[in-house]
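# Architecture and fold: a report
Now for the letters of each chain:
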Amino acid sequence: MCGIVGYVGFRNATDVLLDGLRRLEYRGYDSAGIAVRTPEGLKVVKRSGKLSSLAEAVGKTPLQGALGIGHTRWATHGAPTDPNAHPHTTEDGRIALIHNGIFENYLELKEALQARGHRFRSETDTEVLAHLLEETYRGDLLEALREALKAVRGAYAVVVAHEDHEEIVAARTVSPLVVGLGEGENFLASDVPALLPYTRRVIFLHDGDVVRLTREGVEITDLEGRPVQREAVEVDWTLEAAEKGGFPHYMLKEIYEQPWVLENTLGGRLREEEGTVELGLALDPREVDRVHVIACGTAGYAGLYGKYLLETLARLPTEWDVASEYRYRDPVVDSRTLALAISQSGETIDTLEGLREAKRKGARSLGVINAKGSTLTREVEDVLYIHAGPEIGVASTKAYTAMLAAMALLAVWFGRARGALAPEEAQRLLREMRRLPRLVEEVLEKRPLVAHVAEKYHQAQDFLFLGRHVQAPTAYEGALKLKEISYIHAEAYPAGEMKHGPIALIDEHLPVVVLATKGPLYEKTLSNIQEVRARGGKVIAIATEGDEEIPRLAQDVIYVPEVHPLLAPIVSVVPLQLLAYEIAVLLGRDVDQPRNLAKSVTVE
Ligand code: HGA
């Protein structure tokens, strides 16, 4: 997920690697390491903590060599310690590799490798690939990598070096990897900023690409070894633009990252065959009788979605409150209450204080968190990381969808453990969850249509968002996004509540965004749309692909792909994020740093 740099050429590789990793620092990481091909063989230096610790360690034993690989790690499997930092090597130390992403089936591979006598030195999923390479290497590094990758499942960008070869080989699936083309030298990086001081000619690798990089050239094949042609492009990005991946704003970049973020959140945890999920939690689900969700803002709405799922799938009574209220309402808590604290930054003071209050009263605790090492991670008994990577745009997007996915995982986990969710129903849900990254990718293709809708309504003074059941939180989140970055007043209501008051607002000037995807309450939502129409309101519907009824009722329809109704919020919120974004851009707002807001709210 974080930084990768590879170099083969004539310069001092250590300098190129450290410089490149520094340029990727903005993405956040918890440890770093390099491997350089020196006259004495491959030398690895790695350290937990910041790049300055690595640079200091390297300074003590300078590495001479013009080929190397470097990595900044954002831990997913195993704590941010020196041994878990990348590169990882074969046991003889002749092959070194770095990896971004997650090998989902690493546990079964590890057990099989251990049974064949391999000794592991880290807790990472990554290390399995080093041991696999030990078995597949027979003189051709590229072939060895291709063969080893056949055994792994999941998301990865990997880069490998062998001390006998003046080449580096690499591959990607889901996680990004870019080749930088030079004269007598070539580069690899997870992101363009690392390449900019050296070259602007790049090749963006595609899923399934495997490459061999030498000083003179680049050879690309697919996983079967068939040659693949990829076009080199000239990037004219400034450093700032490169940090945004070529997108005009971090927020848009992060919206587009959602397919692989979902892959990260869900990928290694789904066990469709067994109808279970693997969350690695120490908590015993049978010790919990009720859940108190404690969160704020966007994380709060993810928690509200969690409440619907925990009650529907696990029959687990769940209370939901914004943390600033929870803390002062003297909640009734006992030792079988689970305080479920949700936060991107892990530093939100209201959430922390709410959690502390619940703990004082004897609650058990679980955090759903993005930022490793944050205060919240230290105060909860257990953490379910969402693995969304650093989120820089103040208005949260990818952390939200990742939190929704985490809620779905938790609900299945509790549902199965409590016997409330039948294995077949769990299997069906998990298969649907597996499709989510692809489905979100499809929704992202709708951006031109969303931009058109934004153009039509961006002068409105107010917006109303409506949704029912699991789509009520989607409506809240859609309204929040719009408020945060466009400064247009937006309200959200459960659709059935409209007639109890907000209906008075409806006239021909009020755009009403209705979450009208297929599900048990679809018909009721259609009736609410009729009520809006009857009063001249303009309806923008988020509907399920293939729904022919909706265009007759709504002025504008944005279709999302069909998915299990309980998962529909994960695909439906994406057009709402895009709508807020497009409107904010049309109004000339500061999208990434909206006025009055901070990314991590550490005051009460
Ligand atoms: N799963 C691997 C790599 C995580 C990552 O992408 N880091 O940047 C690990 O935990 O080491």
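Remember, it's a predicted structure, so these values are computed and weren't measured experimentally.

Analysis parameters
Residues numbered from 1 in each chain as written. Predicted model: local features only at pLDDT ≥ 70, side-chain atom pairs only at ≥ 80, totals over all residues. Heavy atoms only, no water. Helix = DSSP H or I, 4+ residues; strand = E, 2+ residues; numbered from the N terminus. Rg over C-alpha atoms; globule rule 2.2 N^0.38 Å. Buried < 20%, exposed > 50% of the residue type's maximum accessible area, 1.4 Å probe, protein only. Pairing = 2+ DSSP bridges. Axes fitted to C-alpha atoms, helices over the stretch in contact; angles between N-to-C directions. Contact = heavy atoms within 4.5 Å. Polar contact = N/O pair within 3.5 Å; in protein donor to acceptor, adjacent residues only side chain to side chain. Phe/Tyr/Trp six-rings, centres within 6.5 Å; stacked < 30°, edge-to-face > 60°. UniProt positions renumbered as here; feature names shortened; annotations may be inferred. Right-handed = clockwise from strand over helix to strand, strands pointing away. Core = buried A, V, L, I, M, F, W, Y, C linked by side-chain atoms within 4.5 Å. Parallel < 35°, antiparallel > 145°, perpendicular 65-115°, else oblique. Left-handed = near helix turned anticlockwise from the far one by under 90°. Nonpolar A, V, L, I, M, F, W, Y, C, P; charged D, E, K, R; others polar. Salt bridge = Lys/Arg side-chain N within 4 Å of Asp/Glu carboxyl O.

## Some details on the overall build of the protein chain
Along the protein chain, the regular secondary structure elements total 19 helices and 26 strands. In terms of overall size, the protein chain behaves like a compact globule, its C-alpha atoms giving a radius of gyration of 25 Å where 604 residues would be expected to give roughly 25 Å. With respect to the principal axes defined by its C-alpha atoms, the protein chain has extents near 80 × 55 × 45 Å. Within the span of the protein chain, comprising 604 residues, buried residues form 63% of the whole.

## Considerations on the sheet that holds strand 23 (residues 489-494)
Across the sheet, which stays open at both edges, the five strands sit in the order 23-22-24-25-26 with parallel pairing between neighbours. Taken across any chain shown, the strands that pair with only one partner, and hence form the sheet edges, are strand 23 and strand 26 (556-560). Looking at each pair of strands side by side, their axes are set apart by 20 degrees on average, direction ignored. Relative to strand 26, strand 25 (residues 538-544) runs parallel, the two being bridged by five bridges. Looking at strand 26, one finds that Ile542 is bridged to Ile558.

## Brief notes about helix 5 (residues 141-149)
With seven of its nine residues buried, helix 5 lies for the most part within the structure. Of all the residues in helix 5, the buried ones are Leu141, Leu142, Ala144, Leu145, Arg146, Ala148 and Leu149. The inward-facing, buried residues of helix 5 abut strand 6 (95-103), helix 4 (127-136), strand 7 (154-162), strand 8 (168-173), strand 12 (210-213) and strand 13 (218-221). At the N-terminal boundary of helix 5, the capping side chain belongs to Asp140, with an oxygen 3.0 Å from the backbone nitrogen of Leu142.

## Quick look at the environment of Arg356
Along the chain, Arg356 turns up in helix 11 (residues 349-360). A C-alpha to C-alpha distance of 8.5 Å links Arg356 and Arg327, two positions 29 residues apart in sequence. Within the structure, the side chain of Arg356 is placed 2.6 Å from the side chain of Glu379, a separation counted as a polar contact.

## A word on the sheet that holds strand 12
If you walk across this open sheet you meet the six strands as 5-6-7-8-12-13, and the pairing is antiparallel. With one partner strand each, in any of the chains shown, strand 5 (88-89) and strand 13 form the two edges of the open sheet. Helix 4 contacts strand 5, strand 6 and strand 7 of the sheet and is inclined by roughly 135 degrees relative to strand 6.

## Overview of the pairing of strand 3 (residues 41-48)
Bridge count between strand 2 (residues 31-38) and strand 3: eight bridges; the pairing is antiparallel. Looking across to strand 3, one finds that Ile34 is bridged to Val45. Between strand 2 and strand 3, which pair antiparallel one after the other, the connecting turn spans two residues.

## Some thoughts on the packing of aromatic side chains
According to the stated counting rule, one finds seven aromatic pairs in the structure shown. Residues Tyr7 and Phe187 carry aromatic rings whose centres are separated by 5.0 Å and whose planes lie at 45 degrees to one another, so their mutual orientation is tilted. You can see Tyr7 sitting in strand 1 (residues 3-8) and its partner Phe187 sitting in strand 10 (residues 186-189), a full 180 residues away along the chain. The buried category is assigned to Phe187, whose relative accessible area is 1%. With centroids separated by 5.9 Å and ring planes inclined at 55 degrees, the aromatic side chains of Phe103 and Tyr156 adopt a geometry described as tilted.

## As for the UniProt feature "active site" (unreviewed entry) in the protein chain
Here the UniProt-annotated "active site" (unreviewed entry) positions come out as Cys2 and Lys599. Following the sequence through the fold, Cys2 ends up in the segment before strand 1. Taking the relative accessible area as the measure of exposure, Cys2 reaches 1% and is therefore buried. Contacts of Cys2, omitting those with residues within four sequence positions, involve Arg27, Gly28, Thr72, Trp74, Asn100 and Ser190.

## Brief notes about the UniProt feature "domain: SIS" (unreviewed entry) in the protein chain
With numbering matched to this structure, UniProt assigns "domain: SIS" (unreviewed entry) to residues 281-420 and 453-594. Between the C-alpha atoms that bound residues 281-420 there is a distance of 19 Å. The span itself is 42% helix and 20% strand. Span residues 453-594 is 40% helix and 21% strand, its end C-alpha atoms 22 Å apart.

## So, the pairing of strand 17 (residues 290-295)
The buried fraction of strand 17 amounts to five of the six residues, a majority that puts the element mostly inside the structure. Direction of pairing for strand 17 relative to strand 19 (residues 337-343): parallel, over a ladder of five bridges. Bridge pairing in strand 19 links Arg290 to Thr337. Two elements, strand 17 and strand 18 (residues 318-322), share five bridges in a ladder whose sense is parallel. Looking across to strand 18, one finds that Val293 is bridged to Trp320. Regarding topology, helix 9 (residues 297-314) serves as the crossover connection from strand 17 to the parallel strand 18, and that connection is right-handed.

## Re the environment of Val532
Tracing the chain through its elements places Val532 in helix 17 (residues 522-534). Looking at Val532, the relative accessible area reads 0%, which means it is buried. Along the primary structure Val532 and Ala171 are separated by 361 residues, whereas in three dimensions their C-alpha atoms are 52 Å apart. If sequence neighbours within four positions are ignored, Val532 has contacts with Leu466, Met498, Ile506, Val512, Gly537 and Val539.

## Looking at the nonpolar core
One finds Leu340, Leu410, Phe414, Phe463 and Phe465 to be the most contacted residues of the largest nonpolar core, which totals 99 residues. In this structure, Phe414 is in contact with Leu283, Pro285, Val288, Leu310, Ala314, Leu316 and Leu338, ignoring residues within four places of it in sequence. Counting residues in hydrophobic clusters, the runner-up holds 30 residues, among them Ala32, Tyr198, Val202 and Ala242.

## A word on the packing of helix 16 (residues 471-486) against helix 19 (residues 568-586)
In contact at an axis separation of 9 Å, helix 16 and helix 19 are set at 20 degrees when each is read in the N-to-C sense. What the angle tells us is that helix 16 and helix 19 run roughly parallel. Along this stretch, helix 16 crosses helix 19, giving a crossing that reads as right-handed. Taken together, the residues of helix 19 that come into contact with helix 16 (itself represented by Gln471, Thr474, Glu477, Gly478, Lys481, Leu482, Ile485 and Ser486) are Ala568, Pro569, Ser572, Val573, Leu576, Gln577, Ala580, Tyr581, Ile583 and Ala584. A per-class count over the contact of helix 16 with helix 19 returns ten nonpolar, six polar and two charged.

## Considering the pattern of salt bridges
Tallied over the entire structure, the rule returns 42 salt bridges. Close ionic contact of Arg119 with Glu91 constitutes a salt bridge, the shortest N to O distance being 3.4 Å. Here Arg119 is found in the loop between helix 3 (106-115) and helix 4, whereas its partner Glu91 is found in the loop between strand 5 and strand 6, with 28 residues between them in sequence. On the basis of relative accessible area, Arg119 is assigned to the exposed category, the value being 60%. Glu91 sits in the partly exposed class, given a relative accessible area of 30%. Because the salt bridges share partners, they merge into one network encompassing Glu104, Arg153, Glu272 and Arg434.

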